[in-house]
Amino acid sequence: MESPSHSPGPSPVFSFSTSPDRYRHLRLSVSGGAARLVLSIREDEPFRPGYVLKMNSYDLGVDLELADAIQRLRFEHPEVRVVVVTSDRDRVFCSGANIHMLASSTHPFKVNFCKFTNETRLSIEDASTHSGQKYLCAVSGACAGGGYELALACDDIVLIDDGSSTVSLPEVPLLGVLPGTGGLTRVVDKRMVRRDHADVFSTLAEGIKGKRAVEWRLVDAVAPRSRFADVVAERAKQLAAKSPAAPAGPGIHLDDVDPVVEGNTLRYRHVTVLLDPARRLAELTMHAPEAAPPATLDALVAAGASLWALRAFRELDDALLRLRFHHEELGLIVLKTRGDAAHILASDRALAAHADHWFVREVRLLMARTLRRLDATARSIFAVVDEGSAFAGSLLELVLAADRSYMLDAPGVTVHASELTGGALPMTHGPSRLALRFLHSADRAREALATAQAAPLAAADAERAGIITLVADDIDFADEVRIAIEERVSMSPDALTGMEANLRFAGVETADTKIFGRLSAWQNWIFIRPNATGDRGALTMYGRPERPQFDLRRT
Amino acid sequence: MSTAISDDKIPNNVNLSSDRRLQRALEQWQPGFINWWKEVGPEGYQADDIYLRTAISVETDGWAHFDYVKMPDYRWGIFLAPPEEGRTIGFGDHAGEPAWQEIPGEYRNMLRRIIVTQGDTEPASVEQQAKLGAIAPSLYDLRNLFQVNVEEGRHLWAMVYLLHNHFGRDGREEADTMLERRSGDADKPRILGAFNQPIENWLDFYMFTMFTDRDGKYQLASLQESAFDALSRTCKFMLTEEAHHMFVGETGVDRIVARSAALMKSDPNEDARAGGGFDLPLIQKYINLWFTLSLDLFGGEISSNAADYFASGLKGRYKEHQHADHAALTGSYRMTVPREGQLVEEDVPLRTAMNEVLRDNYVDDCQRAVDKWNRTLARAGVTNFTLALPHRRFHRKIGIYAGLHFDVTGHRLSAEEFAQRRSEWLPSAYDAAYVASLMTGVFAPGKIASWIAPPSKGINGQSFDFQYVRRA
């Protein structure tokens, strides 16, 4: 669909690490229990050349900073109770994802970009719900598309009432695509805007301002320019008061987790990724801690970012992003583990014992978010439980997250659940990965958890407990795995993505699953349709001298 | 029909007396308009008799009817130029199709935006000029100010008519909002920048009517080409009135320039200030200010909105019929674009450059006026100074040059250099204080302030010393 002259996306070497002193587009300041996150997007510093970030529009570079700021506030400033998101541009809050960036991106990049931005918006809501850091969006000017979707992820939206500033979702009428970063979903599911109002709103390019925006529940309050700062400050105070009391800090500093790249190997401290383009797979190995965790809570906190559970899962997160963005053609992730399972179990035990301490809570929440990133990764995932593996406790989640698991039937090869297996690391729609395997029977789920927590399970027991897909002995194992992999990567990547996404999230629907399963799926379909990205499609024609032409058949 | 809403009170050629929708809308809106006029309209002269022109029909003898009238009783009317039989769309993707008598749903929101943006400028300028009456240089000028004001009011009516008649409830709400925004208000500012700029003295006023109203002329002229017939006909009629406003501005500046030249010639040091006039460098600064504020009103040099408006047939070029190619799909426009710190020449697709095309017409027109003022100087024997338009990159807040700094010849400067030299090119507080010091009202018939020459002739064949304003 894109002509070859379009640049294919960012060069495949970029890092996902950033920090406030390296931000180009955001300014983060913290004062007492309040933080201020200012969108000050530099138009001449796009993530890759070829477009200009006008009107506080964003691209991946901006969103990486946003994701970093949200994460850092949780770890480095646990005392923060309220975060005010605003802009320093006159009359513009944010005009959403940069259209020229989208129009000149490949389909895989667009999809990965949208997924990442969705995950970032969800992390705002996660911080609000679980970390007591409430978000207030101070919309100081035009707020369009992705700009409003960012506001929607916040707890409270204050819109400036200057007779012209609006909130809007102009994607449908202007661009022929959807507000796909949670926009449609959050309007009706989170803010509970009436569906007919939502229909009018989502087709009105110029958006809705002032009193009506409040009446329709699109924003929580409006304030004139002269009182805007006061109203924002007052509401921020009220919002902060709704949060549980702030934990005693200080926070812990998050360092970078970039891997050392040697040829086809990405080497982190606790994670190793072997890229195998010939076989179209990546083998991702997580290593157990080399020792038991620090013995006391104080020592645990003192370990900070180098605590195994935090470091290892941050590395897994980085590895997943690299696989998504840099290695689009590796269709299968083979998950492996190495090391001493006892250390993982001890680590989990410590995280369970101190669950009410803010730092431990944040580590657990980060582990859960990272596993959800794995759940939402559009690659086939096989877990391979082989000689020397350590699929215990929090790393057993890798087996449970995989589309399939293969286990070697040999002495000493076991899987083992921990205190964290039963629901501490939930999927995006709530259930634990283990429980989801037994949707038909809550009893069976409890039984499997009890069995797996009681003792290490060898292959036959693990198969019987319903944890492993296929067990094979040392004569068959290598061949079984090889054939399964070769078969898998030979199938249509699109069909596999669709199939996996449909099978992974059984059970109830939530706003999250609607965003990833319904909104994103429709959006990704629309992205490849001629009406959006064909030669005369609306997205292609945006900003060009001609008007779009539509294929009028409804499908 | 309420007593305020009748053909008698509201001259019109839109069948008001038989149009229930329009009657209902105006019954709501008209009292709000009168309240607005009294609250923020011309200050201090609402009870006086002003010698004003009222349009009572679109015929040649009807659009310029002169009489004394108190401004709140002015008969603001609704006039569209007569329909053109079988009119077809002149440009864009719909070229050749019949002009639209009703708005196509597809373009409803875009058209409403255009009309609201245009309409918002009309009451804004009345608000900006509300305090000028007290410091008018002559009764003739005072009357011209009020003529401009009531006609801006009528232009608001014209836009409100379109909103009421074609945009349903949304249109009525937008019409109400036009009376709620206030020029320069921190909370409810007018939509466009130049219309929030204070007009504190008569030098500003003449510059505004010369440069900013002239933007209005080009906007109206390009909307006169619109595929939406009612908009086209409305703008066509508004242009006849707008011409008077520009006449006020262009001749006003010319009279100031003439007076300055005369004062220079009568002073041994060629100092216009010695005789209570404006020196030419000061006049130049006001030209620099208002010309550039007005350039911004045309919008970004590279604009997808402009392309959309042209493609859809909503807004054409100035005198579209004089162009050969009305699709404008294949052409390009060469402009100087800042790229990574350098100014480079780039070919921009013609449709995307439509704002710049219109700005070109405007700049040419302004240059013509400046040339005329320079001839006035030359005739008076001033040979050591000529007025000039600043470069169009200078002092811009909108478009590709916004955020960058240039001098009046278009050379790039750093922000520090610009800040340092700003008062060489733009009025400083010191300049404004000098202008303000000369602003004292002159209200005796036939008398005029020291800094401006009398007009060559009066209004409607009357003499300069005619009693254009009769105090109550």
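Within each chain, residues carry numbers counting from 1 in the order of the written sequence. Chain labels run from A onward and ligand labels from 1 onward, assigned in the order the entries are written. Only residues with pLDDT of at least 70 get local features here, since the model is predicted, and only at 80 or more are side-chain atom pairs given and counted; chain-wide, interface and lining totals rely on the full set of residues. Neither water nor hydrogens contribute to the side-chain values; these are computed over all heavy atoms in the structure.

(A) Inspection of the overall build of chain B at higher detail. Numbered from the N terminus, helices here are DSSP runs of H or I no shorter than four residues, and strands are runs of E no shorter than two. Tallying secondary structure elements over chain B gives 11 helices and 7 strands in all. All radius of gyration figures rest on C-alpha atoms, and the globule criterion is 2.2 Å times the number of residues raised to 0.38. At 23 Å, chain B has a C-alpha radius of gyration in line with the 23 Å of a compact globule built from 472 residues. With respect to the three principal axes, the spread of C-alpha positions in chain B is 70 × 60 × 40 Å. A simple rule labels every residue: compare its accessible area, found with a 1.4 Å probe on the protein chains alone, to the largest value its type can have, and call it buried under 20%, exposed over 50%, or partly exposed in between. When the 472 residues of chain B are sorted by exposure, 60% land in the buried category.

(B) Geometry of the interface of chain A and chain B. Residues count as neighbours in contact if any of their non-hydrogen atoms are within 4.5 Å of one another. Listed as interface residues are 18 residues of chain A and, on the opposing side, 27 residues of chain B. Between chain A and chain B, the buried area comes to about 1,800 Å², and carbon and sulfur atoms account for 40% of it. Salt bridge criterion: a side-chain nitrogen from Lys or Arg within 4 Å of a carboxyl oxygen from Asp or Glu. Counting across the chain A and chain B interface gives 6 salt bridges. With its nearest N and O atoms 2.7 Å apart, the salt bridge here joins Glu206(A) to Arg112(B). Each of two parts loses accessible area, computed with a 1.4 Å probe, when they are put together; buried area is these two losses added.

(C) Main features of the pattern of salt bridges. Residues and elements named next belong to chain A. One pass over the full model with this rule turns up 88 salt bridges over all chains. For arginine 42, the salt bridge goes to glutamate 45, with nearest N and O atoms at 3.3 Å. When the shortest N-O distance is used, the salt bridge between arginine 433 and aspartate 375 registers 2.7 Å. Pair noted here: arginine 433 is in helix 15 (residues 433-436) and aspartate 375 is in helix 13 (residues 358-375), with a separation of 58 residues, a long-range link. Aspartate 375 shares its class with arginine 433; the two are buried.

(D) View of a negative patch on the surface. What makes a patch is a set of residues exposed beyond 30% relative accessible area and free of salt bridges, joined within 9 Å when like-charged and within 5 Å when nonpolar (Val, Leu, Ile, Met, Phe, Trp, Tyr). Note that accessible areas follow from Shrake-Rupley with a 1.4 Å probe, and for residues the cover is restricted to the protein chains shown. Counted as positive: Lys and Arg. Counted as negative: Asp and Glu, with His and the chain ends omitted from the count. Charge placement uses NZ in Lys and CZ in Arg. For Asp and Glu, CG and CD serve respectively. A surface patch of like charges, here negative, comprises Glu387(A), Asp409(A), Glu463(A), Asp473(A), Asp474(A), Asp476(A) and Glu480(A). You can see Asp473(A) is positioned in the loop between strand 21 (470-472) and helix 18 (477-490).

(E) Layout of the sheet that holds strand 6 (residues 141-144) of chain A. Residue and element names in this part refer to chain A. Strand order across the open sheet formed by 4 strands is 4-6-8-9, with mixed pairing between neighbours. The outermost strands of the open sheet, each flanked by one partner alone, are strand 4 (91-94) and strand 9 (208-209). Here the rule is simple: two strands pair whenever DSSP picks up at least two bridges between them. As paired elements, strand 4 and strand 6 share 3 bridges and run parallel to each other. Looking at the pairing, cysteine 94 lines up with cysteine 143 of strand 6.

(F) Region of the structure containing the nonpolar core. Formed by 124 residues in total, the largest nonpolar core has its most connected members in Phe33(B), Trp202(B), Phe211(B), Phe278(B), Trp373(B) and Trp451(B). Counting residues per element, this core draws most heavily on helix 3 (residues 139-166) of chain B, at 14 residues. When residues no more than four places from it in sequence are discounted, the contact partners of Phe278(B) are Leu203(B), Ile256(B), Ser260(B), Ala272(B), Ile283(B), Tyr434(B), Val435(B), Leu438(B), Met439(B) and Trp451(B). We define a nonpolar core as any set of buried Ala, Val, Leu, Ile, Met, Phe, Trp, Tyr and Cys residues linked to one another through side-chain atoms lying within 4.5 Å. Formed by 86 residues, the second largest nonpolar core is a distinct cluster that contains Ala312(A), Leu335(A), Val385(A) and Leu449(A).

(G) View of the packing of aromatic side chains. Two aromatic rings, drawn from Phe, Tyr or Trp (for Trp, its six-membered ring), form a pair once their centres lie within 6.5 Å of each other, and the interplanar angle then sorts them: stacked below 30 degrees, edge-to-face above 60, tilted otherwise. On inspection of all chains with the given rule, the structure shows 51 aromatic pairs over all chains. Taking the centre distance of 4.9 Å and the plane angle of 65° together, the rings of Tyr51(B) and Phe466(B) count as edge-to-face. With Tyr51(B) in strand 1 (residues 49-54) and Phe466(B) in the loop between helix 11 (429-437) and strand 7 (469-470), this pair connects stretches of sequence that are 415 residues apart. Residue classification places Tyr51(B) among the buried positions, given a relative accessible area of 7%. Considering the side-chain rings of Phe208(B) and Trp290(B), the 5.7 Å spacing of their centres and the 85° angle between planes classify their relative orientation as edge-to-face. Taken together, the residues span a long stretch of sequence, with Phe208(B) in helix 5 (residues 202-223) and Trp290(B) in helix 7 (residues 280-296) at a distance of 82 residues. Pair check on accessibility: Phe208(B) and Trp290(B) agree, each one buried. In textbook terms, an aromatic cluster arises when at least three aromatic residues are bridged by ring pairs, as seen for Phe14(A), Phe16(A), Phe47(A), Tyr58(A), Phe109(A), Phe113(A) and Phe325(A). Look at NZ for Lys and CZ for Arg. If either is within 6 Å of the ring centre and within 35 degrees of the ring normal, a charge sits over the ring. Above the face of the Phe527(A) ring, Lys110(A) is positioned so that its terminal group lies 5.3 Å from the ring centre. Sitting over the ring of Tyr68(B), Arg470(B) keeps its end group 3.7 Å from the ring centre.

(H) Geometry of the sheet that holds strand 19 (residues 414-416) of chain A. Residue and element names in this part refer to chain A. Within the open sheet, the 3 strands sit side by side as 17-19-20. Their pairing is mixed. The sheet is open, and its two edges are formed by strand 17 (391-392) and strand 20 (457-458), each paired on a single side. As paired elements, strand 19 and strand 20 share 2 bridges and run antiparallel to each other. Paired with threonine 414 across the bridge in strand 20 is alanine 458.

(I) Summary view of the packing of helix 1 (residues 60-76) of chain A against helix 3 (residues 107-131) of chain A. Residues and elements named next belong to chain A. Close contact between helix 1 and helix 3 brings their axes to 10 Å; oriented N to C, the two are set at 20°. In terms of axis orientation, helix 1 runs roughly parallel to helix 3. Crossing geometry of helix 1 relative to helix 3 is assigned as left-handed. Contact residues: Leu60, Asp63, Leu64, Leu66, Ala67, Ile70 and Arg74 in helix 1; Phe109, Phe113, Phe116, Thr117, Thr120, Arg121, Ser123, Ile124, Asp126, Ala127 and Ser131 in helix 3. Considered class by class, the residues forming the contact of helix 1 with helix 3 number 10 nonpolar, 4 polar and 4 charged. Axis geometry follows a simple rule: fit a line to the C-alpha atoms, using only the stretch in contact for helices, then measure angles between N-to-C directions, giving values from 0 to 180 degrees. Angle categories: roughly parallel below 35 degrees, roughly antiparallel above 145, roughly perpendicular from 65 to 115, and oblique for all the rest. Throughout, a crossing is termed right-handed when the near helix is turned clockwise from the far one, and left-handed when it is turned anticlockwise from it by less than a right angle. By the convention adopted, Pro, Cys, Tyr, Trp, Phe, Met, Ile, Leu, Val and Ala count as nonpolar, Lys, Arg, Asp and Glu as charged, and the other residues, Gly among them, as polar.

(J) Broad picture of the pairing of strand 3 (residues 332-339) of chain B. All names here are of chain B. Summarising the sheet, strand 3 and strand 4 (residues 342-349) pair through 8 bridges and their orientation is antiparallel. Each bridged residue has a counterpart across the sheet, and for tyrosine 333 the counterpart in strand 4 is valine 348. Connecting the antiparallel pair strand 3 and strand 4 is a turn made up of 2 residues, with glutamate 340 showing a positive phi of about 45°.

(K) A look at the packing of helix 3 of chain A against helix 13 of chain A. All names here are of chain A. The contact between helix 3 and helix 13 brings their axes to 12 Å, and the two run at 150°. The angle between helix 3 and helix 13 places the two elements in the roughly antiparallel class. Seen from above, helix 3 lies across helix 13 with right-handed handedness. Residue-level inspection shows Phe116, Glu119, Ser123, Asp126, His130 and Ser131 of helix 3 in contact with helix 13, the latter providing Arg361, Glu362, Leu365, Arg369, Arg372 and Arg373.

(L) The arrangement of helix 2 (residues 108-128) of chain B in detail. A helix is expected to span 1.5 Å multiplied by its residue count minus one. Here helix 2 of chain B contains 21 residues, and its C-alpha end-to-end distance of 30 Å stays within 8% of the 30 Å for a straight helix at 1.5 Å per residue. For helix 2 of chain B, the buried fraction is high: 17 of the 21 residues fall into the buried class.

(M) Spotlight on the pairing of strand 1 of chain B. All names here are of chain B. With 5 of its 6 residues buried, strand 1 lies for the most part within the structure. Relative to strand 2 (residues 65-70), strand 1 is paired through 6 bridges, and the arrangement is antiparallel. Across the sheet, residue arginine 53 finds its bridge partner in strand 2, namely phenylalanine 66. When strand 1 meets strand 7, the two strands line up antiparallel, connected through 2 bridges. Within strand 7, the position partnered with isoleucine 50 by the bridge is valine 469.

(N) Fine view of helix 9 (residues 225-242) of chain A. Residues and elements named next belong to chain A. In this model helix 9 runs 26 Å from its N-terminal to its C-terminal C-alpha over 18 residues, within 8% of the 26 Å that 1.5 Å per residue would give. Among the residues making up helix 9, those that are buried are Phe228, Val231, Val232, Ala236 and Leu239. Turning to helix 9, the residues buried within the fold contact strand 3 (82-87), strand 5 (134-139), strand 7 (156-160) and strand 10 (221-223).

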